Amino acid sequence: AEDERICARIRTLSAHMPVVTFNADMQESGRLCYVGQDSYASGRACGGLMGMLLGGKGQVLVGNGHPSNLSHCRRVDGFRAEVLAEFPGIELLPIENCYDDRERAHEIVRRVAEQTPDLGGVYFSAGGPPGGCDAIRELGLRGKVRLICHDLSEQNAADVRAGLIDF
């Protein structure tokens, strides 16, 4: 998380040794460099994939992990930018934060799917896909609501094989 206490600790350490952040960047921490994906570009790629999956039309739920995690937010920014620029027929629903919590993600996807009969897709910038898949499975929406997410985990791989996650 982009937390001032963590940044302050990294700044203190950086005064005595080189510090490298990985996976999630903390730009204001004084770190030497960052090793990891370009989160914005990764989100844009997902936006392009969603647009193609939906044929450029439909409603999409955007699920964020933690609003204090720069990587999660940059993914969402990239996803939204790509969809808004390239797929004007797609309506992006308000961003929902699941805080990487499976139950919270489940509740969000279930609520939004029940309130949005034309829901075409769900995008998760971070943890949450297992809960989203649970809701899609329970509501009988496999193959009707497309799901795109990040991160290779055993659960995500299983949900790709089960046809619940598209990418």
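Residues numbered from 1 in each chain as written. Predicted model: local features only at pLDDT ≥ 70, side-chain atom pairs only at ≥ 80, totals over all residues. Heavy atoms only, no water.

**Student:** Explain the packing of helix H4 (residues 102-115) against helix H5 (residues 129-138) residue by residue, including any values.
**Tutor:** Between H4 and H5, the least distance of the axes is 7 Å, while the angle of their chain directions is 40°. In terms of axis orientation, H4 runs oblique to H5. The handedness of the crossing between H4 and H5 is right-handed. Two secondary-structure elements touch here, H4 through Arg102, Ala105, His106, Val109 and Arg110 and H5 through Pro130, Gly131, Gly132, Asp134, Ala135, Ile136 and Glu138. Of the residues assigned to the contact of H4 with H5, the class counts are five nonpolar, three polar and four charged. (Axes fitted to C-alpha atoms, helices over the stretch in contact; angles between N-to-C directions. Helix = DSSP H or I, 4+ residues; strand = E, 2+ residues; numbered from the N terminus. Parallel < 35°, antiparallel > 145°, perpendicular 65-115°, else oblique. Left-handed = near helix turned anticlockwise from the far one by under 90°. Contact = heavy atoms within 4.5 Å. Nonpolar A, V, L, I, M, F, W, Y, C, P; charged D, E, K, R; others polar.)

**Student:** Any details on the pairing of strand E3 (residues 58-64)? Residues and values, ideally.
**Tutor:** Among the seven residues in E3, six count as buried, and that is most of the element. Bridge analysis of E3 against strand E4 (residues 90-92) gives three bridges, and the strand direction is parallel. Paired with Val60 across the bridge in E4 is Leu92. In this sheet, strand E6 (residues 119-124) lies alongside E3 in parallel orientation, the contact comprising five bridges. Directly across from Val62, in E6, lies its bridge partner Tyr123. Across two bridges, the pairing between E3 and strand E5 (residues 96-97) is parallel. (Buried < 20%, exposed > 50% of the residue type's maximum accessible area, 1.4 Å probe, protein only. Pairing = 2+ DSSP bridges.)

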